[in-house]
Amino acid sequence: MRIPITALIALLQTSNAFVVPVSKNVRAFSTKVEMSTTEQAGEAKISKKKKRIDIMKNEGFFRNGFKEVREDAEKTMNQQFKSELVDSLRTEEFKMERDGVTVYLAKDYGFCWGVERSIALAYEAVNHYPDRKVYITNELIHNPEVNDNLSAMKVNFIEKNEDGSKKFEVVQDNDVVLLPAFGASLEEMQYFNEKNVDVVDTTCPWVSKVWNTVDKHQQNGLTSVIHGKYAHEETIATTSFCEDFICVKNMDEAEYVSNYILNGGDKEEFMKKFEKAVSKGFDPDTMLSKVGLANQTTMYKKETRAIGKLLQKTMMEKFGPSVLNEHYMEFDTICDATQERQDAVSELTENAESLGLDFILVVGGWDSSNTAHLLEIPHLAGVRSFHINRAGCIGADNTITHRSIEGEIVTEQFLIDADKKDVVMGITSGASTPDAAVQEALSQIFVLSAVLKTKQ
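Novice: What's the story with helix α5 (residues 113-128) in this structure? I'm lost.
Specialist: For α5, spanning 16 residues, the distance from its first C-alpha to its last is 22 Å, which sits close to the expected 22 Å at 1.5 Å a residue. The buried fraction of α5 is high, at 13 of 16 residues.

Novice: Just checking my understanding: could you explain the nonpolar core for this structure?
Specialist: Grouped burial of nonpolar side chains is what soluble globular proteins tend to show. Ranked by internal contacts, the top residues of the largest apolar core, which has 81 residues, are Ile119, Phe192, Ile246 and Leu288. Considering each element in turn, this core owes the most residues, seven residues, to α5. Leaving out residues up to four positions away in the same chain, Leu288 has contacts with Ile246, Val257, Tyr260, Ile261, Phe270, Phe282 and Met315.

Novice: What's the story with the environment of Gln80 in this structure? I'm lost.
Specialist: Note that Gln80 resides in helix α3 (residues 70-81). Given a relative accessible area of 28%, Gln80 falls into the partly exposed group. Once residues lying within four places of it in the same chain are set aside, the contact partners of Gln80 are Tyr123, Asn149 and Ala436. Engagement of the side chain of Gln80 in a polar contact is seen with the side chain of Asn149, the distance being 3.1 Å.

Novice: I'm lost on the pairing of strand β6 (residues 176-179) in this one. Help?
Specialist: Every second residue of β6 is oriented toward a common face, with Val176 and Leu178 on one face and Val177 and Leu179 on the other, all of them buried. As paired strands, strand β4 (residues 134-136) and β6 are joined by three bridges and run parallel to one another. Residue Val134 lies in a different strand from β6, and its bridge partner there is Val176. Bridging between β6 and strand β7 (residues 198-201) involves four bridges; their strand directions are parallel. In the strand pairing of β7, Val177 is matched with Val199. Taken together, β6, helix α7 (residues 186-193) and β7 constitute a β-α-β crossover, and its handedness is right-handed.

Novice: What exactly am I supposed to notice about the sheet that holds strand β8 (residues 223-227) here?
Specialist: Within a sheet, each strand pairs with its neighbour through backbone hydrogen bonds, oriented either parallel or antiparallel. Here four strands make up an open sheet; going across it, the order is β9-β8-β10-β11 and the pairing parallel. Edge strands, defined here as strands with exactly one partner in the open sheet, are β9 (245-248) and β11 (328-330). Between one strand axis and the next, the sheet turns by 25° as a mean value, whatever way the strands run. In this sheet, β11 lies alongside strand β10 (residues 291-295) in parallel orientation, the contact comprising three bridges.

Conventions we followed
Residues numbered from 1 in each chain as written. Predicted model: local features only at pLDDT ≥ 70, side-chain atom pairs only at ≥ 80, totals over all residues. Heavy atoms only, no water. Helix = DSSP H or I, 4+ residues; strand = E, 2+ residues; numbered from the N terminus. Expected span 1.5 Å × (residues − 1). Buried < 20%, exposed > 50% of the residue type's maximum accessible area, 1.4 Å probe, protein only. Core = buried A, V, L, I, M, F, W, Y, C linked by side-chain atoms within 4.5 Å. Contact = heavy atoms within 4.5 Å. Polar contact = N/O pair within 3.5 Å; in protein donor to acceptor, adjacent residues only side chain to side chain. Pairing = 2+ DSSP bridges. Right-handed = clockwise from strand over helix to strand, strands pointing away. Axes fitted to C-alpha atoms, helices over the stretch in contact; angles between N-to-C directions.

Function cannot be read off these values alone, since they describe shape.
As structure tokens, then:
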């Protein structure tokens with residue numbers, strides 16, 4: 001379901017997002033994964049969720065936007081991101097024929113309300129603080145057009161040092177700091193809470209939901225097993241709100257952990273394998289007897305569920321079914337928008353043969369996790385498919401530059417036999433992709449198809 005921006009903004013007053021507080025002893029820090037129960041033992045009685053909530057209560061912390069500039073922000077977003085072509089596709093039952101190209105649009109695609117909310121908050125902040133310097137701790141979302149627009153609005157993206165830590169020293173008193181849709185780590189929030197700056201939090205409420213889940217793990221003495229990429233901004237933020245944790249990026253890593261729980265193994269090998277994906281002081285021999293599952297919200301939902309079943313079975317086998325609830329806890333933290341877009345491209349993939357699809361095009365940032373997972377679905381089903389980050393990836397020489405599921409950027413021939421037959425294609429876009437980007441890609445294909453037909 002696609003919610004109008006006006007309705008999204010109304011949700012700002014009631015959205016179910018969450019936060020934290022302050023350590024007066026702010027220390028130099030890296031944004032890398034490194035939190036644990038042994039760290040800051042003197043503050044152990046104060047939960048990280050409580051710290052986050054306390055920070056959010058401060059008068060310089062904003063997460064509900066600025067009403068006086070809301071209309072202008074909405075107008076700008078409509079101008080930049082709306083698409084008459086995509087709107088027509090939706091009203092024409094997700095199918096269109098134009099210039100020898102038949103297009104089938106996935107029934108759920110593009111901007112989710114969390115992304116629209118994040119952009120709206122950022123745009124409102126820029127308009128609300130016209131005379132102050134505005135920084136953002138990371139890309140707002142993983143989409144090149146959106147981040148380019150913010151740069152054009154003079155939002156400053158904080159750069160990283162060689163070790164991965166961020167150059168927060170550039171932020172001065174009276175500046176404004178935006179926290180991106182992925183969220184920010186507890187340490188980052190504490191750092192800016194100690195400075196004389198205003199903070200505008202655009203964190204997606206679904207991400208905050210995951211943070212509340214790992215807090216429940218802590219309350220029950222569980223180690224958080226996070227299905228996610230340990231270096232992804234969202235997972236870095238999530239792990240900062242954990243005590244003991246381990247990140248597994250796929251089923252292979254989950255099976256490795258499961259086998260260690262059941263049979264033990266080489267501890268040194270285990271720690272080397274997960275050295276960057278565990279909390280400081282992590283001990284697999286003592287910290288895997290009670291676990292809870294959470295996930296990076298953009299991961300492939302079927303894999304998250306499969307990992308959950310694996311962990312449940314593992315703990316049942318290890319400790320017995322009668323005490324399973326003492327050793328395993330699971331909440332559904334899969335983002336609705338992520339699930340809906342995956343379901344929609346799955347439907348398109350399942351019908352690819354009957355529709356006669358030549359390929360499925362996935363539009364979205366190359367560093368967008370949720371978009372990358374959309375590509376996996378048709379690719380693994382043997383359907384020709386491409387992931388592009390913008391329309392410019394489609395060349396006038398009938399080539400396409402795209403990101404493979406292995407993460408490589410490759411260029412190859414695009415439309416096959418388009419000079420002899422019509423093109424039939426499916427298209428979808430990631431949750432951080434504006435409709436305008438889809439329109440630009442389709443327009444490029446329409447022109448290319450027409451040109452190729454003139455060369456018959």
